[in-house]
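Analysis of the macromolecular model
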Amino acid sequence: MKTNERAKYIYLTLQLLPTEKEHEALQMTWDNYKKACNTFSRIKYLKLAKGKHMNVSACKKEEPKSARALAQRLLHAVYENSIKYTVEEAYKNQEDSKKLALIVFGEYDETNVKLLAIPYFRKPTFTVDFSTKKCRLDLAKNFQKIAFTIPKGLPEPPESWEVKRAYLKLIYGTWYLTLGFSNPTIKTEVKPDTHIVGIDRGEINIATTYSPDKGAKRYSAKDYSTSCKGGTKDDYHKNLFAKDVIVAQEIVERESPDTIFVLEDLHFNKLRKGWSYRNFSDAFIYLAALHHQCVFFCDPRNTSRTCPKCGEVTNTKRNRDEHRFICYSCGYGEKEIVNDDENAAENIYLRGRKELLKDDF
């Protein structure tokens with residue numbers, strides 16, 4: 001099956017339950033890693049800016065430092081590749097753009113920053129034991145064994161799934177470890193009669209699905225209440241994730257095994273409040289794989305502005321107040337009410353089906 005980088009891995013996020021001592025070790029590692037990445041980011045920026053002949057005289061000049069030197073000074077040598085990866089991936093989208101800007105790494109409660117995560121790519125640096133519910137992480141000074149819990153609604157992975165990578169994250173004061181498994185559904189065969197479902201994600205509707213045989217179905221956020229209570233940002237984030245898991249579970253159980261779901265390949269530079277689009281896709285891909293279903297990511301451009309009947313983009317109007325789609329080219333949506341999220345889900349289905357079958361037939 002044709003795929004992309006986003007679909008090569010399945011992700012499961014664990015919540016860490018550190019003791020006070022373990023929390024201190026995690027915080028020291030996090031602070032030093034952020035400092036190393038921001039230092040290396042300034043060096044990377046100055047190098048790229050010089051290549052584009054930009055005036056960087058106002059920028060504070062950095063003494064050349066390698067990722068290895070930063071890792072050894074602030075952490076230890078094993079973090080060299082992680083620092084390189086974090087910074088170079090962040091600048092990848094800017095290298096071919098005229099809008100080069102210095103990237104600053106920060107956390108969820110900060111503005112105008114790139115959200116930080118510490119990647120672990122080599123198995124000796126981390127291990128996870130689901131029988132004891134403990135993980136072993138190589139932190140700044142030494143290894144720490146830290147207890148964890150799996151979010152409600154997400155089962156343990158099969159023993160046959162091998163963890164290939166892990167990402168340490170700090171979100172509103174809570175520590176998480178996101179595990180990456182090789183996707184066992186990546187080689188799913190695509191046939192003309194393969195059942196394909198398009199999924200649009202959003203804030204009002206957590207997800208909207210579309211397939212020709214079942215039509216469209218909206219999963220409204222207001223219809224899902226969870227037991228997570230509280231008024232903090234941490235409570236709010238956990239509440240969103242709990243809803244994502246419930247909706248993802250309902251969707252995969254509604255469709256047959258070997259179904260291929262199509263999602264938009266979305267990327268945002270800034271965190272969008274009220275929309276945990278990446279959390280939903282991670283939980284959804286994980287649950288889909290457990291149901292022997294797979295996910296394909298399509299180009300997201302204009303899925304909300306395209307008419308699925310005539311294909312017109314420029315002469316379309318999306319009424320955001322009424323959540324209605326109208327095409328002024330062919331008249332689709334003028335007489336009948338067409339929900340804008342349902343329209344997007346149908347376009348995602350059409351685009352995904354076209355791209356999937358193009359490579360195989």
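Here, every reference points to the structure presented above.
Reading the values: the criteria
- Residues numbered from 1 in each chain as written.
- Predicted model: local features only at pLDDT ≥ 70, side-chain atom pairs only at ≥ 80, totals over all residues.
- Heavy atoms only, no water.
- Pairing = 2+ DSSP bridges.
- Helix = DSSP H or I, 4+ residues; strand = E, 2+ residues; numbered from the N terminus.
- Axes fitted to C-alpha atoms, helices over the stretch in contact; angles between N-to-C directions.
- Buried < 20%, exposed > 50% of the residue type's maximum accessible area, 1.4 Å probe, protein only.
- Polar contact = N/O pair within 3.5 Å; in protein donor to acceptor, adjacent residues only side chain to side chain.
- Contact = heavy atoms within 4.5 Å.
- Phe/Tyr/Trp six-rings, centres within 6.5 Å; stacked < 30°, edge-to-face > 60°.
- Lys NZ or Arg CZ within 6 Å of the ring centre and 35° of its normal.

Now for the sheet that holds strand β14 (residues 294–298). One open sheet accounts for five strands, arranged β12-β11-β10-β13-β14; its pairing is mixed. Both edges of this open sheet fall to β12 (215–220) and β14, since each of them pairs with a single strand only. Between one strand axis and the next, the sheet turns by 25° as a mean value, whatever way the strands run. One ladder, built from six bridges, connects strand β11 (residues 205–211) with β12; its direction is antiparallel. Within β12, the position partnered with Thr-209 by the bridge is Lys-217.

Counting through the fold element by element, Glu-255 comes out in the loop between α4 (233–254) and β13 (260–264). Classification of Glu-255 as buried rests on a relative accessible area of 8%. Among the polar contacts listed, one links the side chain of Glu-255 to the side chain of His-195, at a separation of 2.7 Å. Discounting chain neighbours no more than four positions away, the residues touching Glu-255 are His-195, Val-197, Lys-214, Phe-261 and Gln-293.

Our next topic: the packing of aromatic side chains. In the structure shown here, the tally under the stated rule is 15 aromatic pairs. Aromatic side chains Phe-130 and Phe-148 sit 5.6 Å apart centroid to centroid with 80° between the ring planes, which places their arrangement in the edge-to-face category. Here Phe-148 lies in strand β7 (residues 143–149) and Phe-130 lies in the loop between β5 (126–129) and β6 (134–138), a separation of 18 residues in the sequence. Its relative accessible area of 15% is what places Phe-130 among the buried residues. Relative to Tyr-349, the ring of Tyr-210 has its centre 5.6 Å away and its plane inclined at 65°; by these criteria the two rings are edge-to-face. Note that Tyr-210 is positioned in strand β11 and Tyr-349 in helix α6 (residues 340–360), a separation of 139 residues in sequence. Per residue, the accessibility class of Tyr-210 equals that of Tyr-349, and both read buried. Grouped by ring-pair contacts, the aromatic residues Tyr-9, Tyr-11, Tyr-85, Phe-121 and Tyr-167 constitute a single cluster. Sitting over the face of the ring of Phe-143, Arg-136 holds its NZ or CZ atom 3.8 Å from the ring centroid. Above the face of the Tyr-9 ring, Arg-165 is positioned so that its terminal group lies 4.1 Å from the ring centre.

Honestly, that's just the spatial picture; any functional story needs more than this.
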